[in-house]
Amino acid sequence: MNDFEKKGYYLFKKAINPSLLSQIVKETEEMFDKGKKNLWPFIRVYNDYPYLKDNINVFGLDFPLNEKLNKNIYNLINKLDYVKKLKEISKWENFKTSVIRLHVFENFFNYEGFWHRDGSTFPTPNQIQSVIYLKHEKGFRIVPKNKNHLLEKYDYPLKDNPKKNSQLRGKLPYEMFDVIEAEAGDVLFFEAALLHQGFSKKERMHFHLRHENLINTIPADSNNNFNFNKEFLPNYDLDNLYANYNVYIKKNDFRSKFKRFLRLFFYFLPRFKSIFRNIFKNKDIKETLFHNTFYQ
Ligand SMILES: [Fe+2]
């Protein structure tokens, strides 16, 4: 049994050649800049803090390969040769890519997401996600496949997504999960239904993708090695995207500014709701008290 079969994830070190990597990094830095300045409408903002230097605290950019965002990135991504590695590791004949997003994060704020599974039900050998690291990053937490059954001990669901607050924000013991540390140019593959949590105390920049096994082999298209869904292709019409997207709107009225200020104020305090629930509600699993705060 190889490492991927045992743990359900594998980190390929130095999967991207350095010259291609530096070109991708250059383009993504520019894309990130557009996101921060709201020059790209399809952004995710999870913690809307006050704008520092007029920049939004962007967490992710959707449809990052669209030519309206960047003219070069699609061709560069298409040059990556880790498709071969994915097929090797998954033993799939062919696949499609149904998600791609650029995850970014600034230096100042900390981030801790919910524990969750991306696949419908554990295990998901036909759904593999990948993370293409463009900067050094440490923190992503993942419960390996061979430890999934132990989650029962901590009152976590074995197949589905956690639902209770104490599970979503639960303090799992360190021996239950692995912490991924990657360098720019490394690529992580993991089964979508492994329990995982985004965790970052420093800057980060990576592409996040989801690949799905295709049983019927389709002819390879050298212009679309990843077999991306059509909405991720560079020439996809933005008007179609607007219809189903909750676009972030930069607001500078007093109320919005005050809300952002309050969020920043609470960034320097423990999570009172979690303290309250830990005392009165949570029995076995306690919630972390410092998630998404300065003290995380
Ligand atoms: Fe996820």
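Anything mentioned here points back to the structure above.
First, a word on scope: everything that follows refers to the structure included in this document. (Residues numbered from 1 in each chain as written. Predicted model: local features only at pLDDT ≥ 70, side-chain atom pairs only at ≥ 80, totals over all residues.)

1. Re the sheet that holds strand 7 (residues 137–142)
Now for step 1: One open sheet holds the 3 strands; their spatial order is 8-7-10, and the pairing between them is antiparallel. Both edges of this open sheet fall to strand 8 (178–182) and strand 10 (196–197), since each of them pairs with a single strand only.
Now for step 2: The pairing of strand 7 with strand 10 spans 2 bridges and is classified as antiparallel. Across the sheet, residue isoleucine 142 finds its bridge partner in strand 10, namely histidine 196. (Pairing = 2+ DSSP bridges. Helix = DSSP H or I, 4+ residues; strand = E, 2+ residues; numbered from the N terminus.)

2. Topic: the environment of lysine 159
Now for step 1: Tracing the sequence through the fold places lysine 159 in the loop between strand 7 and helix 5 (165–168).
Now for step 2: Sequence separation between lysine 159 and leucine 134 is 25 residues, and the spatial gap between their C-alpha atoms is 31 Å.
Now for step 3: Excluding residues that lie within four positions of it along the chain, lysine 159 makes contacts with Thr121 and Phe122. (Contact = placed C-beta atoms within 7 Å.)

3. So, unusual backbone geometry
Now for step 1: In this structure, the amide linkage connecting phenylalanine 122 to the following residue, proline 123, adopts the cis form with an omega of -5°.
Now for step 2: By secondary structure assignment, the location of proline 123 is in the loop between strand 5 (111–112) and strand 6 (127–133).
Now for step 3: The phi dihedral of asparagine 227 is positive, around 55°, even though this residue is not glycine.
Now for step 4: Along the chain, the position of asparagine 227 falls in the loop between strand 12 (204–214) and helix 6 (238–242).
Now for step 5: Overall, the presence of 17 C-beta atoms within 10 Å leaves asparagine 227 in the partly exposed class.
Now for step 6: Its identity is not glycine, yet asparagine 292 carries a phi of approximately 55°, on the positive side.
Now for step 7: Locating asparagine 292 in the fold gives a position in the segment after helix 8 (272–280). (Buried ≥ 20, exposed ≤ 12 C-beta atoms within 10 Å, placed from the backbone.)

4. Thoughts on the sheet that holds strand 1 (residues 9–12)
Now for step 1: Pairing is antiparallel in the open sheet, where 7 strands are placed in the order 1-9-6-12-4-3-2. Single-partner strands in this sheet number two, and they are strand 1 and strand 2 (43–44).
Now for step 2: Here 5 bridges tie strand 6 to strand 9 (residues 187–191), and the two strands are oriented antiparallel to one another. By the bridge assignment, glutamine 129 is partnered in strand 9 with phenylalanine 190.

5. Observations regarding the nonpolar core
Now for step 1: Counting 56 residues, the largest nonpolar core has Ile142 and Leu188 as the members making the most contacts within it.
Now for step 2: For this core, the secondary-structure elements that each account for two or more residues are helix 2 (18–36), helix 3 (73–78), strand 4 (94–105), strand 6, strand 7, strand 8, strand 9 and strand 12. (Core = buried A, V, L, I, M, F, W, Y, C linked by C-beta atoms within 7 Å.)

6. A short note on helix 2
Now for step 1: Helix length check: helix 2, at 19 residues, gives a terminal C-alpha distance of 26 Å against a target of 27 Å (1.5 Å per residue), a fit within 8%.
Now for step 2: Taken residue by residue, helix 2 has Ile24, Glu27, Thr28, Met31, Phe32, Gly35 and Lys36 as its buried positions.
Now for step 3: Contacts from the buried residues of helix 2 go to strand 2, strand 3 (60–62), helix 3, strand 4 and strand 12. (Expected span 1.5 Å × (residues − 1).)

7. What about the pairing of strand 7?
Now for step 1: Relative to strand 8, strand 7 runs antiparallel, the two sharing 4 bridges. Its bridge partner being in strand 8, arginine 141 is matched across the sheet by valine 179.

8. Examining the pairing of strand 6
Now for step 1: When you tally the buried positions in strand 6, you get 7 out of 7 residues, the bulk of the element.
Now for step 2: Pairing between strand 6 and strand 12: 7 bridges, direction antiparallel. The residue of strand 12 that forms the bridge with glutamine 127 is glutamate 212.

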